[in-house]
Amino acid sequence: MNNKEIYKKALRLAIPMMIQSGIANAVVLVDNLMVGSLGTESISGVSIAGQLLFVFNLAVFGGLSGPAIYGAQYYGNGDKEGFQQVFRLKLWIGMIVTLGGILVFLTKGDALIRLYLTGSGGGFDPDLTLTLGMDYLHIMLAGLVPFFLVQVYAGSLREMNESLIPMTAGLFSVIVDIIFNYMLIYGKLGFPALGVRGAAIATVLARITELIAIIGMKRFKSDAWSFLDGVYRTLLVPASKAKVVIRKGIPIFFNEFLWAGGIATLTQCYSMRGLAVVAGLNISNVLCNLFNVVFINLGVAVGILEGQFLGASEFEKAKDSAQKLTLFCCSVCIIISVFLFGLSGIFPNLYNTTGEVRGMATRFIMITAVFIPVQGALNALYFILRSGGKTLITFLFDSVFSWSVSVPLAFFLCRYSPLSVFVIYAIVQAADMIKVCLGFIYVRKGLWITNLVN
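Conventions adopted
- Residues numbered from 1 in each chain as written.
- Predicted model: local features only at pLDDT ≥ 70, side-chain atom pairs only at ≥ 80, totals over all residues.
- Heavy atoms only, no water.
- Helix = DSSP H or I, 4+ residues; strand = E, 2+ residues; numbered from the N terminus.
- Rg over C-alpha atoms; globule rule 2.2 N^0.38 Å.
- Lys, Arg positive; Asp, Glu negative; His and termini not counted.
- Charge placed at Lys NZ, Arg CZ, Asp CG, Glu CD.
- Axes fitted to C-alpha atoms, helices over the stretch in contact; angles between N-to-C directions.
- Left-handed = near helix turned anticlockwise from the far one by under 90°.
- Contact = heavy atoms within 4.5 Å.
- Nonpolar A, V, L, I, M, F, W, Y, C, P; charged D, E, K, R; others polar.
- Buried < 20%, exposed > 50% of the residue type's maximum accessible area, 1.4 Å probe, protein only.
- Parallel < 35°, antiparallel > 145°, perpendicular 65-115°, else oblique.
- Patch = residues over 30% accessible without salt bridge, like charges linked within 9 Å, V, L, I, M, F, W, Y side chains within 5 Å.
- Areas by Shrake-Rupley, 256 points an atom, 1.4 Å probe, with all protein chains shown as cover.
- Salt bridge = Lys/Arg side-chain N within 4 Å of Asp/Glu carboxyl O.
- Expected span 1.5 Å × (residues − 1).
- Phe/Tyr/Trp six-rings, centres within 6.5 Å; stacked < 30°, edge-to-face > 60°.

Asker: What's the story with the overall build of the chain in this structure? I'm lost.
Answerer: For the chain, the count of helices and strands is 15 helices and zero strands. For 454 residues, the compact-globule estimate of 2.2 N^0.38 gives 22 Å, and the chain sits close to it at 21 Å. Counting only C-alpha atoms, the chain reaches 60 × 50 × 40 Å along its principal axes. Here the chain contributes 33 positive and 23 negative side-chain charges, whose respective centroids are spaced 5 Å apart.

Asker: How should I be thinking about the packing of helix α5 (residues 144-159) against helix α7 (residues 196-216) in this particular structure?
Answerer: Pairs of packed helices are described in terms of their axes, by the angle between the two and the distance that separates them. Running from N to C, α5 and α7 point in directions that differ by 35 degrees, and their axes come no closer than 9 Å. As α5 runs across α7, the sense of the crossing is left-handed. Side by side, α5 and α7 meet where L144, P146, F147, L149, V150, Y153, A154 and L157 of the first sit next to R207, I208, E210, L211, I214 and I215 of the second. In terms of residue class, the contact of α5 with α7 is made up of 12 nonpolar, no polar and two charged.

Asker: Got a minute to help me understand the environment of Y116 in this structure?
Answerer: Looking at where Y116 falls in the secondary structure, it is placed in the loop between α3 (80-114) and α4 (126-140). Residue classification places Y116 among the buried residues on the basis of a relative accessible area of 4%. It is 28 Å that separates the C-alpha atoms of Y116 and L205, two residues lying 89 residues apart in sequence. Setting aside chain neighbours within four positions, we find Y116 in contact with I48, Q51, L52, A264, T265, T267, Q268, S271, L275 and V278.

Asker: Sorry, what's going on with unusual backbone geometry here?
Answerer: The bulk of non-glycine residues show a negative phi, and the bulk of peptide bonds are trans. Although it is not a glycine, L189 adopts a positive phi angle of roughly 55 degrees. Its place among the elements puts L189 in the loop between α6 (164-186) and α7. Residue L189 is classed as exposed on the basis of its relative accessible area, which comes to 72%.

Asker: Could you clarify how one ought to interpret the packing of helix α10 (residues 315-343) against helix α11 (residues 355-370) in this entry?
Answerer: Relative orientation of the contacting elements α10 and α11 amounts to 170 degrees, with a least axis distance of 8 Å. In terms of their interaxial angle, α10 and α11 are classed as roughly antiparallel. Across the interface between the two elements, S337, L340 and F341 of α10 pack against I365, M366, A369 and V370 of α11. A class-by-class count of the residues in the contact of α10 with α11 yields six nonpolar, one polar and no charged.

Asker: Would you take a moment to explain the environment of P166 for this structure?
Answerer: Within the secondary structure layout, P166 lies in helix α6. Linking P166 and R363, residues 197 residues apart in sequence, is a C-alpha distance of 35 Å. The contacts of P166, once residues within four sequence positions are left out, are Q20, A154, L157, R158 and I214.

Asker: Which parts of the structure should I look at to understand a nonpolar patch on the surface?
Answerer: Taken together, the side chains of W92, M95, L99, Y232 and L235 define a hydrophobic patch exposed on the protein surface, amounting to about 500 Å² of accessible area. Tracing the sequence through the fold places L235 in the loop between α7 and α8 (239-270).

Asker: How should I be thinking about α4 in this particular structure?
Answerer: When the terminal C-alpha atoms of α4 are compared, their 21 Å separation across 15 residues agrees well with the 21 Å that a helix rising 1.5 Å per residue should span. Among all positions in α4, only T129, L130, L132, G133, M134, Y136, L137 and M140 are buried. At its buried positions, α4 is contacted by α2 (40-77), α3, α5, α7 and α9 (275-311).

Asker: Help me understand the side chain of E159, please; the structure alone is not making it clear to me.
Answerer: Within the fold, E159 resides in helix α5. Setting aside residues up to four positions removed in sequence, E159 forms contacts with A68, G71, A72, Y75, F83, K90, I304 and Q308.

Asker: Would you mind going over the pattern of salt bridges with me for this structure?
Answerer: Here the idea is simple: oppositely charged side chains can pair when their charged atoms come close. Tallying each qualifying case throughout the model produces six salt bridges. In this structure, the salt-bridge partner of R233 is E81, at a minimum N-O distance of 2.7 Å. With a gap of 152 residues between them, R233 in the loop between α7 and α8 and E81 in helix α3 connect regions that are remote in the sequence. You can call R233 exposed: its relative accessible area is 54%. Residues D320 and K324 are paired through a salt bridge, measuring 2.8 Å at the closest nitrogen-oxygen approach. Of this pair, D320 and K324 both sit in helix α10, four residues apart, which is roughly one turn of the helix. By relative accessible area, D320 is classed as partly exposed at 36%. Residue classification places K324 among the buried residues on the basis of a relative accessible area of 18%. Several salt bridges converge on common partners, so that one network encompasses E81, R88 and R233.

Asker: Looking at this structure, how should I read the packing of aromatic side chains?
Answerer: Within a pair of aromatic rings, the relevant descriptors are the distance that separates the centres and the angle that separates the planes. Scanning all chains against the criterion turns up 12 aromatic pairs. Pairing F364 with Y425 gives two aromatic rings, centres 5.0 Å apart and planes at 70 degrees, and the pair type is edge-to-face. You can see F364 sitting in helix α11 and its partner Y425 sitting in helix α14 (residues 421-430), a full 61 residues away along the chain. Taking 5.3 Å as the distance between ring centres and 85 degrees as the angle between the ring planes, the aromatic pair formed by Y382 and F383 counts as edge-to-face. The buried category is assigned to F383, whose relative accessible area is 7%. A network of ring pairs unites the aromatic residues Y270, F364, F422 and Y425 as a single cluster.

Interpretation note: all reported values are geometric properties and have no functional meaning in isolation.
Here is the structure:
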(Lines give C-alpha, C1' and ligand atoms only; values in the text may rest on other atoms or scores of the structure.)
Protein backbone atom coordinates (compact mmCIF):
# COMPACT_ATOMS: atom_id res chain seq x y z
CA MET A 1 0.00 0.00 0.00
CA ASN A 2 1.32 3.45 -0.86
CA ASN A 3 1.26 6.32 1.58
CA LYS A 4 -1.86 7.96 0.19
CA GLU A 5 -3.85 4.74 0.34
CA ILE A 6 -3.06 3.94 3.96
CA TYR A 7 -3.68 7.54 5.05
CA LYS A 8 -7.06 7.53 3.30
CA LYS A 9 -8.00 4.23 4.92
CA ALA A 10 -7.11 5.54 8.36
CA LEU A 11 -9.02 8.79 7.81
CA ARG A 12 -12.12 6.98 6.47
CA LEU A 13 -12.28 5.07 9.73
CA ALA A 14 -11.20 7.93 11.99
CA ILE A 15 -13.18 10.89 10.63
CA PRO A 16 -16.64 9.65 11.71
CA MET A 17 -15.17 8.91 15.15
CA MET A 18 -13.61 12.38 15.19
CA ILE A 19 -16.94 13.95 14.31
CA GLN A 20 -18.74 11.98 17.01
CA SER A 21 -16.11 12.73 19.66
CA GLY A 22 -15.74 16.31 18.48
CA ILE A 23 -19.44 17.00 18.77
CA ALA A 24 -19.55 15.28 22.16
CA ASN A 25 -16.65 17.42 23.37
CA ALA A 26 -18.24 20.51 21.86
CA VAL A 27 -21.30 19.73 23.96
CA VAL A 28 -19.08 19.32 27.03
CA LEU A 29 -17.67 22.73 26.15
CA VAL A 30 -21.15 24.24 25.94
CA ASP A 31 -22.15 22.49 29.19
CA ASN A 32 -19.02 23.82 30.83
CA LEU A 33 -19.75 27.36 29.68
CA MET A 34 -23.30 27.08 31.03
CA VAL A 35 -22.05 25.75 34.37
CA GLY A 36 -19.26 28.33 34.29
CA SER A 37 -21.83 31.10 34.27
CA LEU A 38 -22.86 29.92 37.76
CA GLY A 39 -19.49 30.80 39.31
CA THR A 40 -16.05 29.40 40.10
CA GLU A 41 -17.31 26.96 42.77
CA SER A 42 -19.65 25.38 40.23
CA ILE A 43 -16.84 25.07 37.67
CA SER A 44 -14.51 23.50 40.25
CA GLY A 45 -17.11 21.14 41.75
CA VAL A 46 -18.14 19.75 38.37
CA SER A 47 -14.50 19.59 37.28
CA ILE A 48 -13.47 17.53 40.32
CA ALA A 49 -16.42 15.15 39.95
CA GLY A 50 -15.53 14.91 36.27
CA GLN A 51 -12.00 13.83 37.19
CA LEU A 52 -13.41 10.94 39.22
CA LEU A 53 -15.81 9.94 36.44
CA PHE A 54 -12.89 10.15 34.01
CA VAL A 55 -11.14 7.41 35.99
CA PHE A 56 -14.28 5.26 35.73
CA ASN A 57 -14.62 5.92 31.99
CA LEU A 58 -11.04 4.86 31.40
CA ALA A 59 -11.55 1.75 33.56
CA VAL A 60 -14.45 0.75 31.28
CA PHE A 61 -12.37 1.57 28.22
CA GLY A 62 -9.46 -0.46 29.58
CA GLY A 63 -11.66 -3.42 30.46
CA LEU A 64 -13.08 -3.51 26.93
CA SER A 65 -9.78 -2.85 25.16
CA GLY A 66 -8.34 -6.32 25.72
CA PRO A 67 -11.28 -8.04 24.01
CA ALA A 68 -11.20 -5.30 21.33
CA ILE A 69 -7.74 -6.49 20.22
CA TYR A 70 -9.22 -9.91 19.52
CA GLY A 71 -12.38 -8.43 18.00
CA ALA A 72 -10.40 -6.58 15.30
CA GLN A 73 -8.28 -9.65 14.57
CA TYR A 74 -11.28 -12.02 14.48
CA TYR A 75 -13.01 -9.69 12.04
CA GLY A 76 -9.88 -9.49 9.89
CA ASN A 77 -9.77 -13.29 9.97
CA GLY A 78 -13.49 -13.64 9.12
CA ASP A 79 -14.28 -15.56 12.34
CA LYS A 80 -17.87 -14.66 13.28
CA GLU A 81 -18.16 -17.01 16.26
CA GLY A 82 -14.92 -15.74 17.77
CA PHE A 83 -16.11 -12.16 17.33
CA GLN A 84 -19.41 -12.89 19.11
CA GLN A 85 -17.68 -14.58 22.04
CA VAL A 86 -15.55 -11.46 22.45
CA PHE A 87 -18.69 -9.28 22.38
CA ARG A 88 -20.30 -11.34 25.17
CA LEU A 89 -17.15 -11.10 27.24
CA LYS A 90 -17.25 -7.32 26.84
CA LEU A 91 -20.75 -7.27 28.34
CA TRP A 92 -19.61 -9.17 31.43
CA ILE A 93 -16.51 -7.04 31.92
CA GLY A 94 -18.42 -3.78 31.47
CA MET A 95 -21.07 -4.83 33.98
CA ILE A 96 -18.51 -5.81 36.65
CA VAL A 97 -16.52 -2.58 36.25
CA THR A 98 -19.69 -0.47 36.35
CA LEU A 99 -21.02 -2.08 39.53
CA GLY A 100 -17.62 -1.57 41.16
CA GLY A 101 -17.56 2.09 40.10
CA ILE A 102 -21.04 2.77 41.49
CA LEU A 103 -20.09 1.18 44.83
CA VAL A 104 -16.92 3.29 45.15
CA PHE A 105 -18.65 6.56 44.26
CA LEU A 106 -21.51 5.92 46.72
CA THR A 107 -19.22 5.08 49.64
CA LYS A 108 -16.08 7.15 48.96
CA GLY A 109 -17.19 10.00 46.70
CA ASP A 110 -17.11 12.61 49.49
CA ALA A 111 -13.58 11.67 50.59
CA LEU A 112 -12.29 11.62 47.00
CA ILE A 113 -13.59 15.11 46.23
CA ARG A 114 -12.07 16.47 49.47
CA LEU A 115 -8.62 15.44 48.22
CA TYR A 116 -8.81 18.30 45.69
CA LEU A 117 -9.77 20.94 48.24
CA THR A 118 -6.56 20.95 50.29
CA GLY A 119 -5.19 24.10 48.64
CA SER A 120 -8.40 26.12 48.41
CA GLY A 121 -7.58 29.75 49.23
CA GLY A 122 -8.20 32.57 46.76
CA GLY A 123 -11.51 33.57 48.34
CA PHE A 124 -13.33 30.45 47.04
CA ASP A 125 -15.71 28.40 49.20
CA PRO A 126 -14.49 24.77 49.50
CA ASP A 127 -17.65 23.60 51.30
CA LEU A 128 -19.87 24.87 48.50
CA THR A 129 -17.53 23.30 45.95
CA LEU A 130 -17.83 19.95 47.77
CA THR A 131 -21.64 20.14 47.90
CA LEU A 132 -21.95 20.96 44.20
CA GLY A 133 -19.47 18.24 43.25
CA MET A 134 -21.37 15.60 45.24
CA ASP A 135 -24.73 16.68 43.75
CA TYR A 136 -23.30 16.29 40.25
CA LEU A 137 -21.58 12.96 40.97
CA HIS A 138 -24.60 11.24 42.53
CA ILE A 139 -26.90 12.08 39.63
CA MET A 140 -24.29 10.99 37.07
CA LEU A 141 -24.30 7.48 38.57
CA ALA A 142 -27.59 6.84 36.75
CA GLY A 143 -25.79 7.18 33.42
CA LEU A 144 -22.99 4.69 34.05
CA VAL A 145 -24.86 1.61 32.80
CA PRO A 146 -25.95 3.12 29.46
CA PHE A 147 -22.42 4.51 29.11
CA PHE A 148 -20.75 1.09 29.30
CA LEU A 149 -23.33 -0.50 26.97
CA VAL A 150 -22.71 2.21 24.37
CA GLN A 151 -18.98 1.53 24.60
CA VAL A 152 -19.55 -2.19 24.00
CA TYR A 153 -21.70 -1.65 20.91
CA ALA A 154 -19.76 1.27 19.45
CA GLY A 155 -16.39 -0.43 19.91
CA SER A 156 -17.59 -3.67 18.30
CA LEU A 157 -19.05 -1.83 15.31
CA ARG A 158 -15.80 0.07 14.78
CA GLU A 159 -13.87 -3.18 14.85
CA MET A 160 -16.00 -4.09 11.80
CA ASN A 161 -15.02 -0.79 10.10
CA GLU A 162 -18.46 0.69 10.86
CA SER A 163 -18.05 4.04 12.59
CA LEU A 164 -21.03 5.89 11.06
CA ILE A 165 -23.62 4.23 13.30
CA PRO A 166 -21.90 5.25 16.57
CA MET A 167 -21.43 8.73 15.12
CA THR A 168 -25.13 9.08 14.27
CA ALA A 169 -26.17 7.83 17.70
CA GLY A 170 -23.80 10.36 19.21
CA LEU A 171 -25.49 13.15 17.26
CA PHE A 172 -28.87 12.25 18.75
CA SER A 173 -27.42 12.30 22.26
CA VAL A 174 -25.80 15.68 21.61
CA ILE A 175 -29.12 17.25 20.63
CA VAL A 176 -30.78 15.91 23.77
CA ASP A 177 -27.90 17.09 25.95
CA ILE A 178 -27.90 20.65 24.62
CA ILE A 179 -31.68 21.06 24.87
CA PHE A 180 -31.99 19.70 28.41
CA ASN A 181 -28.88 21.52 29.64
CA TYR A 182 -30.40 24.81 28.56
CA MET A 183 -33.75 24.02 30.15
CA LEU A 184 -32.54 22.43 33.39
CA ILE A 185 -29.51 24.59 34.25
CA TYR A 186 -31.30 27.92 33.77
CA GLY A 187 -34.94 26.86 34.28
CA LYS A 188 -36.27 27.59 30.79
CA LEU A 189 -39.57 26.58 29.16
CA GLY A 190 -41.24 25.83 32.49
CA PHE A 191 -38.50 23.59 33.88
CA PRO A 192 -36.92 24.30 37.29
CA ALA A 193 -33.48 25.97 37.44
CA LEU A 194 -31.34 23.15 38.86
CA GLY A 195 -27.82 24.46 38.18
CA VAL A 196 -25.16 21.74 38.25
CA ARG A 197 -27.81 19.11 39.04
CA GLY A 198 -29.57 20.06 35.81
CA ALA A 199 -26.31 19.58 33.89
CA ALA A 200 -25.96 16.07 35.34
CA ILE A 201 -29.57 15.13 34.55
CA ALA A 202 -29.15 16.32 30.96
CA THR A 203 -26.01 14.19 30.54
CA VAL A 204 -27.78 11.09 31.87
CA LEU A 205 -30.70 11.61 29.48
CA ALA A 206 -28.23 12.04 26.61
CA ARG A 207 -26.50 8.75 27.40
CA ILE A 208 -29.79 6.88 27.52
CA THR A 209 -30.74 8.43 24.17
CA GLU A 210 -27.41 7.36 22.64
CA LEU A 211 -27.91 3.75 23.74
CA ILE A 212 -31.47 3.60 22.36
CA ALA A 213 -30.32 5.16 19.07
CA ILE A 214 -27.35 2.87 18.51
CA ILE A 215 -29.43 -0.28 19.11
CA GLY A 216 -32.41 1.09 17.20
CA MET A 217 -30.34 1.56 14.04
CA LYS A 218 -29.84 -2.19 13.72
CA ARG A 219 -32.99 -2.51 11.64
CA PHE A 220 -31.96 0.29 9.26
CA LYS A 221 -28.48 -1.01 8.45
CA SER A 222 -28.45 -4.77 8.92
CA ASP A 223 -25.22 -5.31 6.95
CA ALA A 224 -23.22 -3.53 9.63
CA TRP A 225 -24.56 -5.95 12.25
CA SER A 226 -23.90 -9.19 10.35
CA PHE A 227 -21.24 -10.38 12.78
CA LEU A 228 -23.61 -9.78 15.72
CA ASP A 229 -26.63 -11.67 14.35
CA GLY A 230 -27.65 -14.17 17.04
CA VAL A 231 -25.15 -12.85 19.58
CA TYR A 232 -27.73 -13.03 22.40
CA ARG A 233 -28.63 -16.68 21.87
CA THR A 234 -26.40 -17.16 24.92
CA LEU A 235 -24.38 -14.96 27.24
CA LEU A 236 -21.98 -17.74 28.18
CA VAL A 237 -18.37 -17.51 27.07
CA PRO A 238 -16.16 -20.63 26.93
CA ALA A 239 -13.83 -20.58 29.92
CA SER A 240 -10.80 -21.31 27.74
CA LYS A 241 -11.60 -18.39 25.45
CA ALA A 242 -12.33 -16.01 28.33
CA LYS A 243 -9.10 -16.98 30.09
CA VAL A 244 -6.94 -16.21 27.05
CA VAL A 245 -8.60 -12.87 26.31
CA ILE A 246 -8.70 -11.75 29.94
CA ARG A 247 -5.07 -12.69 30.49
CA LYS A 248 -4.11 -10.52 27.55
CA GLY A 249 -6.50 -7.75 28.58
CA ILE A 250 -5.66 -7.45 32.29
CA PRO A 251 -2.58 -5.29 31.68
CA ILE A 252 -4.69 -2.96 29.50
CA PHE A 253 -7.40 -2.67 32.16
CA PHE A 254 -4.92 -1.80 34.87
CA ASN A 255 -3.05 0.44 32.47
CA GLU A 256 -6.11 2.54 31.61
CA PHE A 257 -7.35 2.56 35.22
CA LEU A 258 -3.97 3.52 36.66
CA TRP A 259 -3.26 6.00 33.89
CA ALA A 260 -6.59 7.75 34.49
CA GLY A 261 -5.86 7.64 38.22
CA GLY A 262 -2.49 9.18 37.46
CA ILE A 263 -4.11 12.05 35.55
CA ALA A 264 -6.53 12.64 38.43
CA THR A 265 -3.62 12.55 40.89
CA LEU A 266 -1.66 15.04 38.78
CA THR A 267 -4.61 17.43 39.02
CA GLN A 268 -4.66 16.87 42.77
CA CYS A 269 -0.94 17.72 42.90
CA TYR A 270 -1.52 20.93 40.96
CA SER A 271 -4.43 21.79 43.29
CA MET A 272 -1.86 22.23 46.09
CA ARG A 273 -1.23 25.60 44.47
CA GLY A 274 -4.85 26.70 45.03
CA LEU A 275 -8.42 25.99 43.95
CA ALA A 276 -8.00 28.57 41.17
CA VAL A 277 -5.57 26.15 39.51
CA VAL A 278 -8.29 23.47 39.37
CA ALA A 279 -10.67 25.93 37.71
CA GLY A 280 -7.98 27.08 35.26
CA LEU A 281 -7.08 23.49 34.35
CA ASN A 282 -10.75 22.67 33.83
CA ILE A 283 -11.19 25.54 31.36
CA SER A 284 -8.00 24.52 29.57
CA ASN A 285 -8.98 20.84 29.40
CA VAL A 286 -12.42 21.58 27.96
CA LEU A 287 -10.91 23.40 24.98
CA CYS A 288 -7.92 21.09 24.55
CA ASN A 289 -10.12 17.97 24.63
CA LEU A 290 -12.06 19.40 21.70
CA PHE A 291 -8.85 19.33 19.64
CA ASN A 292 -7.48 16.13 21.16
CA VAL A 293 -10.24 14.10 19.49
CA VAL A 294 -8.26 14.27 16.25
CA PHE A 295 -5.15 12.43 17.40
CA ILE A 296 -7.03 10.20 19.86
CA ASN A 297 -9.36 8.82 17.18
CA LEU A 298 -6.56 8.63 14.63
CA GLY A 299 -4.77 6.42 17.15
CA VAL A 300 -7.84 4.22 17.60
CA ALA A 301 -8.14 3.88 13.81
CA VAL A 302 -4.45 3.02 13.52
CA GLY A 303 -4.87 0.29 16.14
CA ILE A 304 -7.89 -1.20 14.34
CA LEU A 305 -6.13 -1.20 10.96
CA GLU A 306 -2.99 -2.76 12.40
CA GLY A 307 -5.08 -5.40 14.18
CA GLN A 308 -6.86 -6.30 10.93
CA PHE A 309 -3.53 -6.57 9.09
CA LEU A 310 -2.16 -8.83 11.82
CA GLY A 311 -5.32 -10.98 11.90
CA ALA A 312 -4.96 -11.48 8.12
CA SER A 313 -1.21 -12.29 8.59
CA GLU A 314 -0.19 -9.31 6.42
CA PHE A 315 2.86 -8.63 8.56
CA GLU A 316 4.94 -6.57 6.17
CA LYS A 317 1.97 -4.32 5.47
CA ALA A 318 1.43 -3.89 9.22
CA LYS A 319 5.05 -2.97 9.90
CA ASP A 320 5.35 -0.55 6.99
CA SER A 321 2.06 1.22 7.68
CA ALA A 322 2.78 1.52 11.42
CA GLN A 323 5.75 3.84 10.93
CA LYS A 324 3.99 5.89 8.27
CA LEU A 325 0.85 6.34 10.36
CA THR A 326 2.80 7.38 13.44
CA LEU A 327 4.51 10.19 11.53
CA PHE A 328 1.21 11.09 9.89
CA CYS A 329 -0.46 11.51 13.30
CA CYS A 330 2.41 13.67 14.50
CA SER A 331 2.17 15.88 11.40
CA VAL A 332 -1.57 16.38 11.79
CA CYS A 333 -1.02 17.42 15.41
CA ILE A 334 1.31 20.25 14.40
CA ILE A 335 -1.65 21.84 12.61
CA ILE A 336 -3.84 21.33 15.68
CA SER A 337 -1.24 23.04 17.86
CA VAL A 338 -1.36 26.21 15.78
CA PHE A 339 -5.15 26.52 16.08
CA LEU A 340 -5.15 25.75 19.80
CA PHE A 341 -2.42 28.26 20.51
CA GLY A 342 -4.39 30.94 18.64
CA LEU A 343 -7.46 30.37 20.84
CA SER A 344 -5.56 30.38 24.13
CA GLY A 345 -6.17 34.09 24.82
CA ILE A 346 -9.77 34.14 23.60
CA PHE A 347 -11.56 31.10 25.02
CA PRO A 348 -11.09 31.71 28.80
CA ASN A 349 -12.83 35.08 28.49
CA LEU A 350 -16.11 33.25 27.87
CA TYR A 351 -16.25 32.16 31.52
CA ASN A 352 -17.82 34.04 34.42
CA THR A 353 -14.83 33.74 36.74
CA THR A 354 -11.92 35.79 38.07
CA GLY A 355 -9.13 37.31 36.00
CA GLU A 356 -6.67 35.05 37.85
CA VAL A 357 -8.47 31.90 36.72
CA ARG A 358 -8.72 33.16 33.12
CA GLY A 359 -5.00 33.95 33.05
CA MET A 360 -4.14 30.50 34.38
CA ALA A 361 -6.36 28.84 31.78
CA THR A 362 -4.65 30.77 28.96
CA ARG A 363 -1.19 29.66 30.03
CA PHE A 364 -2.26 26.02 30.51
CA ILE A 365 -3.74 26.01 26.98
CA MET A 366 -0.55 27.43 25.49
CA ILE A 367 1.64 24.81 27.19
CA THR A 368 -0.68 21.98 26.12
CA ALA A 369 -0.62 23.23 22.52
CA VAL A 370 3.17 23.05 22.40
CA PHE A 371 3.17 19.36 23.37
CA ILE A 372 0.23 18.11 21.26
CA PRO A 373 2.52 16.66 18.51
CA VAL A 374 4.26 14.63 21.21
CA GLN A 375 0.90 13.32 22.42
CA GLY A 376 -0.17 12.51 18.86
CA ALA A 377 2.89 10.35 18.21
CA LEU A 378 2.60 8.75 21.64
CA ASN A 379 -1.05 7.86 21.12
CA ALA A 380 -0.38 6.20 17.74
CA LEU A 381 2.53 4.19 19.14
CA TYR A 382 0.41 3.02 22.06
CA PHE A 383 -2.37 1.63 19.84
CA ILE A 384 0.12 0.02 17.45
CA LEU A 385 1.81 -1.88 20.28
CA ARG A 386 -1.57 -2.87 21.68
CA SER A 387 -2.85 -4.17 18.33
CA GLY A 388 -0.21 -6.91 18.45
CA GLY A 389 -1.18 -7.93 21.96
CA LYS A 390 1.88 -6.38 23.64
CA THR A 391 -0.24 -5.32 26.57
CA LEU A 392 2.47 -5.71 29.20
CA ILE A 393 4.71 -3.36 27.20
CA THR A 394 1.91 -0.77 26.96
CA PHE A 395 1.32 -1.15 30.70
CA LEU A 396 4.96 -0.28 31.40
CA PHE A 397 4.92 2.29 28.62
CA ASP A 398 1.92 4.18 29.95
CA SER A 399 0.67 3.85 33.52
CA VAL A 400 3.89 2.61 35.13
CA PHE A 401 5.66 5.63 33.63
CA SER A 402 2.90 7.94 34.91
CA TRP A 403 3.13 6.68 38.48
CA SER A 404 6.91 6.27 38.61
CA VAL A 405 7.88 9.48 36.78
CA SER A 406 5.06 11.97 36.12
CA VAL A 407 3.19 11.82 39.43
CA PRO A 408 6.28 11.88 41.72
CA LEU A 409 7.76 14.67 39.60
CA ALA A 410 4.61 16.80 39.90
CA PHE A 411 4.17 16.05 43.61
CA PHE A 412 7.77 16.90 44.51
CA LEU A 413 7.84 20.09 42.45
CA CYS A 414 4.43 21.31 43.66
CA ARG A 415 5.18 20.56 47.30
CA TYR A 416 8.82 21.50 47.64
CA SER A 417 9.97 23.69 44.75
CA PRO A 418 9.54 27.45 44.25
CA LEU A 419 8.70 26.93 40.55
CA SER A 420 5.39 28.25 39.26
CA VAL A 421 2.65 25.74 38.52
CA PHE A 422 3.03 26.51 34.80
CA VAL A 423 6.72 25.56 34.73
CA ILE A 424 5.89 22.37 36.63
CA TYR A 425 3.08 21.57 34.18
CA ALA A 426 5.46 22.04 31.23
CA ILE A 427 8.14 19.83 32.81
CA VAL A 428 5.65 17.01 33.38
CA GLN A 429 4.40 17.31 29.78
CA ALA A 430 7.97 17.27 28.42
CA ALA A 431 8.73 14.02 30.26
CA ASP A 432 6.47 12.18 27.80
CA MET A 433 9.09 12.64 25.10
CA ILE A 434 11.02 9.80 26.75
CA LYS A 435 8.12 7.45 26.01
CA VAL A 436 7.90 8.60 22.38
CA CYS A 437 11.55 7.76 21.74
CA LEU A 438 11.29 4.31 23.37
CA GLY A 439 7.99 3.50 21.65
CA PHE A 440 9.23 4.44 18.19
CA ILE A 441 12.29 2.22 18.58
CA TYR A 442 10.13 -0.73 19.66
CA VAL A 443 7.64 -0.28 16.82
CA ARG A 444 10.38 0.09 14.22
CA LYS A 445 11.96 -3.20 15.29
CA GLY A 446 8.63 -4.97 14.67
CA LEU A 447 8.68 -6.90 17.96
CA TRP A 448 4.96 -6.21 18.41
CA ILE A 449 3.86 -8.07 15.26
CA THR A 450 1.76 -11.08 16.29
CA ASN A 451 -1.30 -12.90 14.95
CA LEU A 452 -3.33 -13.70 18.08
CA VAL A 453 -6.22 -15.59 16.48
CA ASN A 454 -4.39 -18.23 14.40
